[in-house]
Amino acid sequence: MKRKQIAVCDEERDYTLRFAEYAGRHGNPLFVVHGFTGLEEFLEDTKEHPADIVLLSKKYTKDLKKEEYPGQIICLSEEEYQEEEPEYPVIYKYQSCLRILKKAYDIYAERTPASLGTALRLGKMKRIGIFSPLGRIGKTSFALALGKELAKQRRTLYLNVEEFSGFESLYPSGGQTLSELVYFMKQGKKAFACKLESITGKIGSLSYIPPVKSPLELRDIKKEDWEELLTALEKESRYEFVILDLSFGAEGVFELLEACDTIYMPVASDETARAKLWQYREAIKLLELEEILEKTKEIAFPSIEQLEGYAKTEGKRWSKN
């Protein structure tokens, strides 16, 4: 897909250069960032190809009218709080570059009528499911370990589909979650890839969408929403793999399992666990979903070291695919 343009125009030369440099190294590959220290320089350079997002110093916004520039103009303000309704969306200038970019992506996604285009990749995005009818057996630990290992070589997204993930405690984001992304998608807005980038967090090289904060939010996501979300990720994101950490809390969980290329199912060998696994397999057969069983790999980990070792082995194997 064609990369969108972000222009940063601020009178502070060091600020502009540092911002453009950081964004170039750590920003979204869907965008390319250019820095300018003067309004005339910016307007001349972008005359033929206007920037899609313009992060503009408050000083310069007084000299640039909305109707004169087609890009999404966002004011960089030195004041953390605004006392009046500004002409342009405002972002506080003195915070991390990553926070500024995420906020800019979100503003652009909400306001632009255009799609960012279709992702170009050599093959389909692989869907790896992690699921078990048993509890407290290392399912999420394995999902994250596999995702981290895979993300070392391939662009990987982790998606937690549990009622109580605990993520807000483990990896505080304080921002939008899977609920907001699904709501955005259901509104029919075009810039899905940009909205996705405004929400995703990072655990090392592994990207993740912050999970829902309550079971009620998860129940509001219907099975057709899940398929639409996965289709949007397939078409419009840059991810090569998605790790689906699944639970019975998701509507349409069997449809999600059917859509996976492989399913890892952590198990245990005690009598109660064996009974639950037997019932699960029988239920799958009654539903005539034997394909799920065929693509399921049952795994057991007596220790965390074995779990991490197996995740590394599988991550390297997937990386070569």
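Bear in mind the structure is a predicted one, so any value in this text is a computation, not a measurement.

Can you lay out the packing of aromatic side chains for me, pointing to particular residues and giving the numbers?
For the structure on display, the rule yields 20 aromatic pairs. Each member of the aromatic cluster is reached from another via a ring pair, and the members are Tyr15, Phe19, Tyr92 and Tyr94. Taking the ring centre of Tyr15 as reference, the NZ or CZ of Lys93 above it sits at 4.9 Å.

Residues and numbers for the packing of helix α1 (residues 13-26) against helix α4 (residues 97-111), please.
Between α1 and α4, whose axes approach to 10 Å, the crossing angle comes to 75°. Between α1 and α4, the angle falls in the class roughly perpendicular. Judged by residue contacts, Tyr15, Phe19, Tyr22 and Ala23 of α1 engage Cys97, Leu98, Ile100 and Leu101 from α4. When its residues are assigned to classes, the contact of α1 with α4 shows eight nonpolar, no polar and no charged.

Describe the pattern of salt bridges, listing the residues and the values that go with them.
Taken as a whole and assessed by the stated rule, the structure comprises 24 salt bridges. We note a salt bridge from Lys93 to Glu78, for which the minimum N-O separation is 3.8 Å. Within this pair, whereas Lys93 is found in the loop between β5 (90-92) and α4, its partner Glu78 is found in the loop between β4 (72-77) and β5, the two being separated by 15 residues in sequence. Here Lys93 falls in the buried class, since its relative accessible area comes to 1%. In this structure, Glu291 and Lys295 form a salt bridge, with 3.4 Å as the shortest nitrogen-oxygen distance. Classification of Lys295 by relative accessible area gives buried; the value is 16%. Put simply, Asp10, Glu12, Glu78 and Lys93 are held in one network by salt bridges that share partners.

Cut-off values and rules
- Residues numbered from 1 in each chain as written.
- Predicted model: local features only at pLDDT ≥ 70, side-chain atom pairs only at ≥ 80, totals over all residues.
- Heavy atoms only, no water.
- Phe/Tyr/Trp six-rings, centres within 6.5 Å; stacked < 30°, edge-to-face > 60°.
- Lys NZ or Arg CZ within 6 Å of the ring centre and 35° of its normal.
- Axes fitted to C-alpha atoms, helices over the stretch in contact; angles between N-to-C directions.
- Helix = DSSP H or I, 4+ residues; strand = E, 2+ residues; numbered from the N terminus.
- Parallel < 35°, antiparallel > 145°, perpendicular 65-115°, else oblique.
- Contact = heavy atoms within 4.5 Å.
- Nonpolar A, V, L, I, M, F, W, Y, C, P; charged D, E, K, R; others polar.
- Salt bridge = Lys/Arg side-chain N within 4 Å of Asp/Glu carboxyl O.
- Buried < 20%, exposed > 50% of the residue type's maximum accessible area, 1.4 Å probe, protein only.

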